[in-house]
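Each chain is listed here by its residues.
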Amino acid sequence: MKPKQTNIERFSGHVSSGDRAALLGQRPLTVWLTGLSASGKSTIGYALERRLLSLGHACYVLDGDNLRHGLNRDLGFSVTERRENIRRTAEMAKLLNDAGLIVIAALISPRRDDRAMAREIIGDSLFVEIYLSTPLDTCEQRDPKGLYARARCGEIAEFTGISAPYETPLDPDLTFDTSRTEIHASVSLIVEHLQSR
Ligand code: ADP
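Parameters at a glance
All residue numbers refer to position in the chain's written sequence, counted from 1. For a predicted model such as this one, the threshold for reporting local features is a pLDDT of at least 70, and the threshold for listing and counting side-chain atom pairs is 80 or more; totals across whole chains, interfaces and linings nevertheless cover every residue. To get the side-chain values, take all heavy atoms of the structure and skip hydrogens and water. Only runs of H or I of at least four residues qualify as helices and only runs of E of at least two qualify as strands under DSSP, and these elements are numbered from the N terminus. For a compact globule the rule gives 2.2 Å times the number of residues to the power 0.38, and the radius of gyration it is set against comes from C-alpha atoms. Contacts are assigned to residue pairs that have any heavy atoms within 4.5 Å of one another. By this rule the span expected of a helix is its residue count minus one, scaled by 1.5 Å. Buried residues are those whose accessible area, probed at 1.4 Å on protein chains only, stays under 20% of the maximum for their type, while exposed residues exceed 50% and partly exposed ones sit between those limits. The definition of a polar contact used here is a pair of N or O atoms within 3.5 Å, where within protein one atom must be able to donate a hydrogen and the other to accept one, and adjacent residues in sequence count solely through side-chain atom pairs.

J.: For this particular structure, what's the right way to read the overall build of the protein?
T.: The helix and strand inventory of the protein stands at 8 helices and 5 strands. Secondary structure elements in the protein, listed N-terminal to C-terminal, are α-β-α-β-α-α-β-α-β-α-α-β-α. Its C-alpha radius of gyration of 17 Å places the protein within 12% of the 16 Å reference for a compact globule of 197 residues. Overall size of the protein, expressed as C-alpha extent along the three principal axes, is 55 × 45 × 30 Å.

J.: Help me understand the environment of Ile-44, please; the structure alone is not making it clear to me.
T.: As for its placement among the helices and strands, Ile-44 is situated in helix α2 (residues 41-54). For the pair formed by Ile-44 and Arg-197, sequence separation is 153 residues and the distance between their alpha carbons is 20 Å. Discounting chain neighbours no more than four positions away, the residues touching Ile-44 are Leu-132, Phe-176, Thr-178, Ser-186, Val-187 and Ile-190.

J.: Just checking my understanding: could you explain helix α4 (residues 79-98) for this structure?
T.: Because each turn of an α-helix spans 3.6 residues, side chains separated by three or four positions end up pointing in the same direction. Compared with the 28 Å implied by 1.5 Å per residue over 20 residues, the 28 Å span of α4 between its first and last C-alpha is a close match. Looking at α4, one finds that the buried residues are Arg-82, Asn-85, Ile-86, Arg-88, Thr-89, Ala-90, Ala-93, Leu-96 and Asn-97. Tucked inside the fold, the buried residues of α4 contact β1 (30-35), β2 (59-63), α3 (64-67), β3 (102-106) and α5 (112-122). At the exit of α4 stands Gly-100, carrying a positive phi of roughly 105°.

J.: Please clarify how the side chain of Ser-109 should be interpreted in this entry.
T.: Relative to the helices and strands, Ser-109 resides in the loop between β3 and α5. Ser-109 gets classed as buried once you look at its relative accessible area, which sits at 2%. At 3.0 Å, the side chain of Ser-109 and the side chain of Trp-32 are in polar contact. With residues up to four places along the chain from it excluded, the contact list for Ser-109 reads Trp-32, Leu-33, Thr-34, Ile-86, Arg-115 and Tyr-166.

Just geometry here; none of it tells us what the structure is for.
Below, the structure written as structure tokens:
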């Protein structure tokens, strides 16, 4: 989408994204974790950050729930607001990638076209889509924040998996089911995948 204002020009600096990445000695990427609530996105996202940090990489986690306390605090869960939530997060990921960082984004991001938008904003070559295919019944049994119970009672509207759809990725870079894979094993699978790219 074009900017609302037409009289705005870009100003180019003197340091390129390649310069910044070279300083950090890494190739920036955005690891986009998608899946149902309680599928393990935050748990794995933060564990991945820890592992990458210990391997000498500068990373940053963009966690959907955390962003809703600040940058996205004005947004709800309608289709339009979820799309805006993803657009802002993707734009943030793009800036952080430009700064040289590896970004780990953990958002339900239930719609294919919204994830495609995120891929387009961030850039195909930098976008790594990882689908946590943990089944709904496992997520519902875990229910770490009691949200499924509240959604089942009708206290939370438009809850993904209960009263709002989740569209499974058609061609993710990696898929795993955290009801069958331990946290450290999931993190290892992602690190191996990143190293193979
Ligand atoms: P999401 O960010 O997808 O909503 P969370 O990471 O907040 O999910 O919650 C997942 C819950 O499942 C956590 O309480 C976590 O401890 C638990 N869990 C149990 N086994 C696993 C596993 N193998 N991988 C990830 N999370 C797991």
